[in-house]
Amino acid sequence: MAVMNMVEAIRSTLDAEMARDERVILLGQDIGHNGGVFRATDGLQERYGEDRVVDMPLAEGVIIGAAVGLAASGLIPVPELQFLGFGSQAFHQLEGQVARMRFRSQGRFGMPMVIRAPFGGNVRTPELHSDAHEAKYANSPGLKIAMPATAADAKGLLTQALRDPDPVLFCEPLRGYRLIRDDVPEGEHTVPFGRARGAREGSDVAIVAWSAAVVVAEQAAELAAREGISCGVLDLRTLVPLDVDALREAAAACGRVVVVHEAPYTSGFGAEVVATVQQEAFWSLEAPLARVTAYDTPYPIAAVEHQYLPDAERVLAAVRTAMEA
Amino acid sequence: MAVMNMVEAIRSTLDAEMARDERVILLGQDIGHNGGVFRATDGLQERYGEDRVVDMPLAEGVIIGAAVGLAASGLIPVPELQFLGFGSQAFHQLEGQVARMRFRSQGRFGMPMVIRAPFGGNVRTPELHSDAHEAKYANSPGLKIAMPATAADAKGLLTQALRDPDPVLFCEPLRGYRLIRDDVPEGEHTVPFGRARGAREGSDVAIVAWSAAVVVAEQAAELAAREGISCGVLDLRTLVPLDVDALREAAAACGRVVVVHEAPYTSGFGAEVVATVQQEAFWSLEAPLARVTAYDTPYPIAAVEHQYLPDAERVLAAVRTAMEA
Amino acid sequence: MSRRAPAPPAPPAQALAEPASLEPWTLLAPDGTLAEGYRPSLSDEELLAAFRLMLLSRTVDQRAFSLQRQGRLGTFSTVEGQEASVVGSAFALDPARDWVVPQYRELPAMLRQGYPLTRFFLYFRGHPIGNQMPEGVRVLPFQISLAAQIPHAVGLAWGLRQQGSDAAVMTYFGDGASSEGDAHEAMNLAGVRRAPVVFLLQNNGWAISTPVAKQTAAQSFALRAPGYGFPGVLVDGNDLFAVHEAARWAVERARAGEGPTLIEARTYRLGPHNTADDPTRYVDPDELRARRELDPIVRVRAYLRARRLLSEAEEEQLRSQLMDEVNAAVAEAEAHPAADRRHIFEHVYADPPPRVRAQRERATAGEEVR
Amino acid sequence: MSRRAPAPPAPPAQALAEPASLEPWTLLAPDGTLAEGYRPSLSDEELLAAFRLMLLSRTVDQRAFSLQRQGRLGTFSTVEGQEASVVGSAFALDPARDWVVPQYRELPAMLRQGYPLTRFFLYFRGHPIGNQMPEGVRVLPFQISLAAQIPHAVGLAWGLRQQGSDAAVMTYFGDGASSEGDAHEAMNLAGVRRAPVVFLLQNNGWAISTPVAKQTAAQSFALRAPGYGFPGVLVDGNDLFAVHEAARWAVERARAGEGPTLIEARTYRLGPHNTADDPTRYVDPDELRARRELDPIVRVRAYLRARRLLSEAEEEQLRSQLMDEVNAAVAEAEAHPAADRRHIFEHVYADPPPRVRAQRERATAGEEVR
Ligand SMILES: Cc1ncc(C[n+]2csc(CCOP(=O)(O)OP(=O)(O)O)c2C)c(N)n1
Ligand SMILES: Cc1ncc(C[n+]2csc(CCOP(=O)(O)OP(=O)(O)O)c2C)c(N)n1
Ligand SMILES: [Mg+2]
Ligand SMILES: [Mg+2]
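Residues numbered from 1 in each chain as written. Chains lettered and ligands numbered in written order. Predicted model: local features only at pLDDT ≥ 70, side-chain atom pairs only at ≥ 80, totals over all residues. Heavy atoms only, no water.

K.L.:
Summarise the overall build of chain A; cite the residues concerned and give the values.
P.N.:
The number of helices and strands found in chain A is 13 helices and 14 strands. Expected size for 325 residues packed as a compact globule is a radius of gyration near 20 Å; at 19 Å, chain A falls within 12% of this value. Counting only C-alpha atoms and orienting by the principal axes, one finds that chain A spans roughly 60 × 40 × 40 Å. With 325 residues in all, chain A has 77% of them scored as buried. On chain A, roughly 8200 Å² of surface is accessible, and the fraction owed to carbon and sulfur atoms is 47%. Taken together, the 29 basic and 43 acidic charged side chains of chain A have centroids lying 2 Å from each other. (Helix = DSSP H or I, 4+ residues; strand = E, 2+ residues; numbered from the N terminus. Rg over C-alpha atoms; globule rule 2.2 N^0.38 Å. Buried < 20%, exposed > 50% of the residue type's maximum accessible area, 1.4 Å probe, protein only. Areas by Shrake-Rupley, 256 points an atom, 1.4 Å probe, with all protein chains shown as cover. Lys, Arg positive; Asp, Glu negative; His and termini not counted. Charge placed at Lys NZ, Arg CZ, Asp CG, Glu CD.)

K.L.:
So what's going on with the overall build of chain C? Residues and values would help.
P.N.:
Each helix and strand in chain C was counted, giving 13 helices and seven strands. Compactness check: chain C gives a C-alpha radius of gyration of 23 Å against a globular reference of 21 Å for 370 residues, within 12% of the reference. Each principal axis of the C-alpha atoms in chain C carries an extent, and together these give about 85 × 65 × 50 Å. Here chain C holds 370 residues, and the buried ones make up 64% of them. Here the contacts in chain C between residues at least 6 apart in sequence split such that 74% fall between residues at least 24 apart. For chain C, the exposed surface amounts to about 12600 Å²; the carbon and sulfur share of it is 50%. (Contact = heavy atoms within 4.5 Å.)

K.L.:
Let's hear about the coordination of the magnesium ion (ligand 3): which residues, and what values?
P.N.:
Residue and element names in this part refer to chain C. Each protein donor to the magnesium ion (ligand 3) is listed here as Asp175 (OD), Asn204 (OD1) and Trp206 (O); together their distances run 2.1 Å. Taken in sequence order, the residues that donate to the magnesium ion (ligand 3) follow the motif D-x28-N-x1-W. Of the two residues examined, Asn204 and Trp206, each falls in the buried class. (Donors = N, O, S within 2.8 Å, 3.2 Å for Na, K, Ca; no water.)

K.L.:
Tell me what's going on with the packing of aromatic side chains, and back it up with residues and numbers.
P.N.:
Applying the stated criterion across every chain, the model contains 47 aromatic pairs over all chains. Measuring from ring centre to ring centre gives 5.6 Å for Phe38 of chain B and Phe83 of chain B, while their planes differ by 85°; the resulting arrangement is edge-to-face. Taken together, the residues Phe38 of chain B in the loop between β2 (24-28) and α2 (44-48) and Phe83 of chain B in the loop between β4 (76-79) and α4 (91-98) connect sequence positions 45 residues apart. With a centroid separation of 5.2 Å and 80° between ring planes, the pair formed by Phe120 of chain D and Phe121 of chain D is classed as edge-to-face. Note on accessibility: Phe120 of chain D and Phe121 of chain D belong to one class, buried. An aromatic cluster is present here, built from Phe76, Tyr115, Phe120, Phe121, Tyr123, Phe124 and Phe142 of chain C joined pairwise through their rings. A cation over an aromatic ring shows up here: Arg193 of chain C above the ring of Trp158 of chain C, its NZ or CZ 4.4 Å from the ring centre. Over the ring of Trp249 of chain D we find Arg253 of chain D; its NZ or CZ atom is 5.4 Å from the centre of that ring. (Phe/Tyr/Trp six-rings, centres within 6.5 Å; stacked < 30°, edge-to-face > 60°. Lys NZ or Arg CZ within 6 Å of the ring centre and 35° of its normal.)

K.L.:
Which residues make up the confidence of the model for chain C, and what values do they have?
P.N.:
Residue and element names in this part refer to chain C. Within chain C, residue pLDDT values average 94, and 94% of them lie at 70 or more. In the model, residues 1-6 has pLDDT below 50 throughout and makes 19 contacts with residues more than four positions away in sequence or in other chains. Scoring of the predicted complex yields 0.97 for pTM and 0.97 for ipTM. (pLDDT = per-residue confidence, 0-100.)

K.L.:
How would you summarise the interface of chain A and chain C if you had to cite specific residues and measurements?
P.N.:
Listed per partner, the contact involves 45 residues of chain A and 45 residues of chain C. With both sides pooled, the region where chain A packs onto chain C buries about 3400 Å², and carbon together with sulfur makes up 59% of that total. At the boundary of chain A with chain C, the tally comes to three salt bridges. Its salt-bridge partner being Arg108 of chain A, residue Glu135 of chain C comes within 3.7 Å of it at the nearest N-O pair. Run the count over chain A and chain C and you get 20 residue pairs in polar contact (both at pLDDT 80 or more). Put simply, the parts of the chain that give the side of chain A that touches chain C at least two residues each are β2 (24-28), α3 (60-72), α4 (91-98), α5 (101-104) and α11 (269-281) of chain A. (Buried area = accessible area lost by both parts, 1.4 Å probe. Salt bridge = Lys/Arg side-chain N within 4 Å of Asp/Glu carboxyl O. Polar contact = N/O pair within 3.5 Å; in protein donor to acceptor, adjacent residues only side chain to side chain.)

K.L.:
I'd like a rundown of the site of ligand 1, residues and numbers included.
P.N.:
Glu60 of chain B together with Tyr104, Arg105, Ile144 and Asn204 of chain C are the nearest of the 22 residues found near ligand 1. At ligand 1, the nearby residues belong to more than one chain, namely chains B and C. Interatomic distance of 2.6 Å between a side-chain N/O atom of Glu60 of chain B and a nitrogen atom of ligand 1. Contact between ligand 1 and Ile144 of chain C: a nitrogen atom at 2.8 Å from a main-chain N or O atom of the residue. Bound to the protein, ligand 1 loses 96% of the 580 Å² it would expose on its own. (Near = heavy atom within 4 Å.)

K.L.:
Give me the lowdown on the coordination of the magnesium ion (ligand 4), citing residues and values where you can.
P.N.:
All names here are of chain D. Coordination of the magnesium ion (ligand 4) by the protein comes from Asp175 (OD), Asn204 (OD1) and Trp206 (O), over a distance range of 2.1 Å. Positions of the donor residues of the magnesium ion (ligand 4) along the chain correspond to the pattern D-x28-N-x1-W. Here Trp206 lies in strand β4 (residues 206-207) and Asp175 lies in the loop between β2 (169-174) and α6 (181-193), a separation of 31 residues in the sequence. Classification of Asp175 by relative accessible area gives buried; the value is 1%.

K.L.:
Could you give an account of the site of ligand 2, with specific residues and numbers?
P.N.:
Not every one of the 22 residues close to ligand 2 is listed here, only the nearest: Glu60 of chain A together with Tyr104, Arg105, Asn204 and Trp206 of chain D. Proximal residues around ligand 2 fall on chains A and D, making this an inter-chain site. One of the backbone N or O atoms of Ala177 of chain D is found 2.8 Å from an oxygen atom in ligand 2. One nitrogen or oxygen atom from the side chain of Asn204 of chain D is found 2.8 Å from an oxygen atom belonging to ligand 2. Considering ligand 2 on its own, with 590 Å² of exposed area, one finds that the protein chains cover 96% of that surface.

K.L.:
Would you mind going over the domain arrangement of chain A in detail, with residue names and values included?
P.N.:
Residue and element names in this part refer to chain A. For chain A, the assigned domains read domain 1 (2-184) and domain 2 (197-324). For domain 1 and domain 2, the distance between their C-alpha centroids amounts to 26 Å. Listed as interface residues are 26 residues of domain 1 and, on the opposing side, 24 residues of domain 2. Summing the contributions of domain 1 and of domain 2, the shared interface buries around 2000 Å²; its carbon and sulfur component is 58%. Two residues, Arg197 and Asp153, come together in a salt bridge whose shortest N-O distance is 3.5 Å. The tally of links from domain 1 across to domain 2 stands at 13 residue pairs in polar contact (both at pLDDT 80 or more). Elements represented by at least two residues in the side of domain 1 that touches domain 2 include exactly α6 (134-138), β6 (144-146) and α7 (151-163). Residues that form the side of domain 1 that touches domain 2 fall into these classes: 14 nonpolar, six polar and six charged. (Domains from an automatic or database assignment. Nonpolar A, V, L, I, M, F, W, Y, C, P; charged D, E, K, R; others polar.)

K.L.:
Account for the domain arrangement of chain C, naming residues and giving values.
P.N.:
Domain assignment breaks chain C into domain 1 (23-338) and domain 2 (340-370). Here the C-alpha centroids of domain 1 of chain C and domain 2 of chain C sit 37 Å apart.

K.L.:
Pulling in residues and values, what's your account of the pattern of salt bridges?
P.N.:
Summed over all chains, the structure comprises 96 salt bridges over all chains. For Glu262 of chain B, the salt bridge identified is with Arg175 of chain B, shortest N-O distance 2.5 Å. Within this pair, whereas Glu262 of chain B is found in strand β13 (residues 257-264), its partner Arg175 of chain B is found in the loop between β7 (167-173) and α8 (176-179), the two being separated by 87 residues in sequence. Assigned by exposure class, Glu262 of chain B and Arg175 of chain B land together as buried. The partner of Arg125 of chain C in a salt bridge is Glu334 of chain C, and the shortest N-O contact between them spans 3.5 Å. With Arg125 of chain C in the loop between α4 (117-124) and α5 (149-162) and Glu334 of chain C in helix α11 (residues 312-335), this pair connects stretches of sequence that are 209 residues apart. For Glu334 of chain C, a relative accessible area of 30% corresponds to the partly exposed category.

K.L.:
How would you sum up helix α6 (residues 181-193) of chain C? Please name residues and give values.
P.N.:
Residue and element names in this part refer to chain C. In this model, α6 (13 residues) spans 18 Å end to end at C-alpha, consistent with the 18 Å of a helix rising 1.5 Å per residue. Among all positions in α6, only Gly181, Asp182, Ala183, His184, Glu185, Ala186, Met187, Asn188, Leu189, Ala190 and Gly191 are buried. A positive phi of about 45° marks Arg194, the residue just after α6. (Expected span 1.5 Å × (residues − 1).)

K.L.:
Residue-level account of the pairing of strand β7 (residues 167-173) of chain A, with values.
P.N.:
Residues in a regular strand project their side chains so that they alternate between the two faces of the sheet. All names here are of chain A. Burial of β7 is extensive: seven of the seven residues sit out of reach of the surface. Of the two faces of β7, the one lined by Pro167, Leu169, Cys171 and Pro173 and the one lined by Val168, Phe170 and Glu172 are each fully buried. Of the pairings in the sheet, the one linking β6 to β7 comprises three bridges and is parallel in character. By the bridge assignment for β7, Ala146 is matched with Phe170. You can see the chain leave β6, run along α7 and come back into β7, and the turn it takes is right-handed. (Pairing = 2+ DSSP bridges. Right-handed = clockwise from strand over helix to strand, strands pointing away.)

K.L.:
Requested: an account of the pairing of strand β7 (residues 261-266) of chain C, with residues and values cited.
P.N.:
All names here are of chain C. Extensive coverage of β7 is indicated by the burial of five of its six residues. Pairing of strand β3 (residues 197-203) with β7, which is carried by six bridges, proceeds in the parallel orientation. Within β7, the residue paired with Leu201 across the bridge is Glu264. Pairing of strand β6 (residues 232-236) with β7, which is carried by five bridges, proceeds in the parallel orientation. Bridged to Val233 within β7 is Ile263.

Have a look at this one:
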């Protein structure tokens with residue numbers, strides 16, 4: 001075990017997997033000589049050369065589109081979107097090509113590939129840099145989506161993703177790059193997809209979250225505990241595949257569920273969680289499932305972003321409401 | 001009143017609004033001389049000239065992106081995506097630009113604009129032409145989304161959209177272009193956004209749908225009636241704004257709700273409907289809310305698409321399950 | 001707002017740089033005669049094989065069209081008129097190492113790479129197996145999303161080269177597709193990485209009903225290439241020899257590590273956009289008639305006759321052979337077990353996640369999926 | 001596989017067409033002397049105004065940089081080194097009818113159009129009003145999504161013309177942004193529609209840490225223009241006069257209905273990409289030193305001094321004026337009421353749908369949003 005922050009966990013995992021499998025090749029904007037704008041790939045070009053850590057022209061469409069061809073050629077590309085928000089420039093390649101190539105070719109061309117993409121708010125980035133777009137990709141069959149909330153999971157899920165025969169959108173919480181620090185297992189460490197992590201035990205309300213929102217959920221659980229409300233926190237870790245069993249069990253155990261995420265409310269992935277839980281655990285529910293999310297407005301400018309994103313207070317309010325129901 | 005099919009209703013509405021307001025200008029692939037690949041704009045270029053019905057180069061990004069500038073110049077652009085599936089090529093312009101320009105400019109540049117986009121299955125189109133992407137746009141604040149299921153609503157909602165100061169994604173069901181025929185009010189006819197249509201009264205199960213899935217819902221209701229189950233059908237008409245009141249009332253009236261849509265299951269807009277209904281009508285529910293949708297797989301090739309999309313039998317099965325709960 | 005230079009100078013505009021030639025390169029005249037001093041690189045055997053493939057393509061078009069009209073085949077797009085462009089370029093490839101990355105109108109190039117004709121009919125009957133290239137066939141699937149394949153071709157070329165291969169990748173796209181951002185991003189990247197890729201832009205005059213004059217104001221698509229740092233070539237796309245020589249040159253450049261080439265093959269779509277299209281709405285009949293005169297098959301035939309490489313009787317025999325071949329493929333496709341519900345769920349993921357597995361189980365058990 | 005022509009012919013490649021000049025057009029030498037026979041179109045008053053704006057821009061850069069370091073301003077990007085390129089081009093516009101469609105590094109062009117400097121500071125303090133152009137200011141908002149503004153500029157130009165205006169639209173973007181599909185799609189459309197737009201590509205050598213050599217293999221971005229059917233111009237972007245004359249020519253073409261122009265202004269980013277960037281990781285210090293020698297402000301100053309249009313003392317006075325102006329704007333911005341929760345909900349829709357309204361009510365009442 002070694003205490004690492006998330007960006008260190010990611011960097012060291014990329015390093016280890018590149019050493020292990022020469023087919024792994026990184027591509028993205030500013031990832032080479034500059035080591036990435038967040039230093040997630042720092043030192044890797046020096047170690048593995050310009051052919052394996054490739055600075056790309058400023059065009060997300062072809063960063064993803066070329067990755068399709070690289071995968072077809074037998075490599076395992078790891079394209080980086082400098083920010084998930086700019087994945088929209090490559091949306092046609094992601095949902096229409098990457099996600100469907102195995103299906104389209106009836107198995108001839110699998111797309112082993114990890115698309116790394118920082119996202120998330122409260123770090124005062126300019127417009128469009130913070131957007132949480134996971135729900136759009138979750139409605140795009142053929143992709144898997146990993147959203148680690150701890151440094152250990154960042155390592156475990158990234159390792160898993162790099163060895164997965166299918167494309168994985170790997171979303172990294174900007175706010176957590178340096179702030180999230182925890183014990184990361186040394187050596188080989190994988191976390192299987194589709195297994196949520198019980199981040200906290202609790203019996204009254206289950207708070208479901210992913211990525212940096214898990215931290216908010218934990219803070220809220222802490223506040224709730226002071227009021228005598230026992231909140232569990234379930235970290236989904238991957239949205240696709242979704243750990244339906246864990247959701248069912250959490251709902252069954254508590255009867256009350258609050259989902260927290262950074263994306264806008266309407267048609268966010270919270271809706272999927274709620275819909276799934278009520279399907280699976282209808283008879284156990286004692287209160288309406290609540291969603292604490294960003295609002296149905298575009299991600300705002302820095303001065304007010306902390307009021308836009310869900311915080312522990314808002315989650316706590318939803319927890320209280322659930323308890324009163 | 002005149003009986004029209006949906007494409008006729010759309011064409012005549014465009015015609016009427018172009019005559020009424022010179023600022024309305026159409027742009028898209030093959031919409032001019034050819035009158036659109038589905039003839040939705042047939043004859044309009046002859047009537048309004050090449051400056052108001054504009055054949056565009058084959059590039060969805062700039063069809064939408066230019067519309068932003070046209071709107072800023074004072075016009076009311078009506079860009080057509082030849083198929084909603086190719087909106088992915090313009091996703092960055094749609095979610096990042098069209099949807100946010102009013103907000104970004106703090107009201108200086110509103111984006112009056114209607115993005116017309118045929119979509120939907122069971123018409124044996126090639127890959128990517130049938131995809132139902134509405135959920136992705138519903139998670140993109142700043143857009144409105146209209147999805148008519150009748151010719152009359154096509155007219156009413158399109159007229160409304162063309163007069164709306166904000167951008168509207170107007171999705172037209174391919175399958176309905178010729179098959180959906182009904183009485184269309186003559187003269188001025190608008191349908192306000194955010195008001196669902198009670199397509200059928202019923203007391204046991206409320207089936208919620210939009211666009212061509214409404215037809216499937218109605219068929220299922222008919223089959224259910226033969227079994228003595230009384231199904232209401234609620235046609236949402238617009239997803240954003242969402243008629244939360246109508247959903248609450250339908251759920252309260254029946255206690256059982258089934259949502260039907262053509263998009264994949266996970267993170268489809270059905271999840272939003274379920275999540276909203278359980279929030280609003282939790283105490284009225286007598287059974288888990290069910291979603292009958294396409295599967296979590298890419299839209300398949302023609303030979304099996306009818307087995308991929310929800311049909312009346314599958315909806316009926318969900319209705320029965322709801323009744324048994 | 002006072003003193004003004006009487007004639008402010010005009011900057012030296014790059015557009016003023018007139019390209020070497022904006023006339024398409026031609027080696028085989030419409031009457032079947034060769035350009036002065038030109039000796040084809042294609043051997044007589046190869047030439048006959050190319051002609052055979054052109055005829056096969058035309059035969060497939062005709063047969064498939066009538067099958068479509070009988071409801072035995074779905075909507076598809078014919079190659080008619082573009083056979084020289086597709087076949088001439090494909091013959092520059094070595095199917096044992098080079099790749100084809102198609103759009104959807106390049107069947108003969110796919111066939112030459114080893115794609116079985118039966119799968120073509122299966123695909124357009126709506127069977128997913130039709131888009132599965134057998135192992136060893138170096139072709140990516142049909143691409144319906146216009147221009148989306150061009151970045152794939154660049155990545156493929158780059159990846160192959162990086163793994164030590166000297167393969168070239170030829171990607172096809174239309175005048176319409178060239179307007180997509182993907183085309184630009186891909187060509188620019190190819191220039192930067194000197195990827196061994198040939199961009200074979202078939203300018204057939206139309207994108208459905210949109211004439212090329214509404215697609216771009218450029219005098220030739222080949223002029224795009226200097227903006228990416230590699231050569232562009234404009235060829236007569238109805239001239240098998242010119243297309244072939246240009247493609248050959250480009251493939252050799254690619255193999256030699258000299259990077260990409262853009263070829264505009266200027267040809268003409270003689271048929272409708274696809275079987276659902278009615279070109280009489282927008283194609284001038286006089287223009288069409290004039291273009292029919294330039295049928296690329298007629299041109300090669302004239303050359304073959306002049307060189308006595310293929311008599312009328314031999315061609316007649318060849319045609320009937322080809323018709324048999326096509327009929328056999330149709331019969332095989334029609335005898336193929338129909339696609340069923342399982343095809344919805346197979347090959348979505350290497351190992352389907354539980355939710356997809358549950359959906360499959362319920363669907364195939366005839367039960368409801370929740 | 002037998003007879004081969006000994007030397008198969010090479011096709012006439014369009015790249016072989018050497019452009020008129022790949023040297024940037026220069027009118028003002030680094031030592032402040034004018035090119036032989038050149039008489040500036042800018043009057044002396046205009047020239048002084050342009051120089052003032054260049055200095056203002058530099059002053060803002062310095063002040064804002066230090067405010068950022070003190071935590072009084074968010075991350076922003078300086079213009080330093082590119083003042084000739086931005087100001088020279090902006091001075092070709094008539095703010096009463098022409099438009100600027102910016103990326104994010106063209107503050108002086110926005111100021112000249114009437115954007116209040118206070119709003120700049122508000123924007124980078126994170127206040128949304130900073131991106132609101134006052135009525136009558138013909139500027140679109142700052143664009144963070146690279147190249148996304150280029151299609152907007154084309155649509156705007158087209159729309160204005162269609163409504164009878166003779167306005168020109170100048171859109172700015174970087175060497176990095178030029179690689180995006182949006183840049184291509186927009187330029188191609190502009191060619192087809194002969195839209196009155198000027199594409200002002202500022203090649204400042206870098207896209208964050210990515211040097212232009214990794215951005216494209218093209219010898220000049222100006223070579224892209226012939227591929228869209230309009231002229232491209234390569235100018236020395238550190239030369240106020242050359243940029244201005246090229247932009248003027250392009251604006252006049254636009255007004256006259258002759259269509260778009262692409263101008264590559266070859267300049268250099270002297271500062272970091274933005275205040276969060278550490279260019280010492282990737283910029284060669286020798287190169288930077290050499291580039292500093294070509295500071296566009298120094299060059300204009302030399303000319304002004306030689307022509308005795310502005311003495312050292314006058315400039316000193318001007319500088320202190322500008323500093324006052326900047327300080328006043330900073331003070332005004334800092335005195336501005338802070339943004340609050342309501343700014344999350346305002347201007348999303350003209351008339352917010354019930355759900356957004358409910359969210360706003362609950363949020364502003366301090367209640368939970370469900
Ligand atoms: C991204 C995208 N947009 C629109 C379409 C619809 N569409 C299919 S074919 C076609 C025209 C294609 O023209 P071109 O690229 O010249 O190819 P051609 O059919 O002439 O071979 C269009 C617009 C599509 N398939 N993909
Ligand atoms: C679509 C998009 N992708 C990535 C980014 C992140 N990013 C911000 S600035 C920048 C470099 C821009 O370079 P260039 O266009 O040359 O402009 P410059 O900063 O040099 O003025 C990048 C990659 C972005 N803002 N938008
Ligand atoms: Mg074409
Ligand atoms: Mg730059």
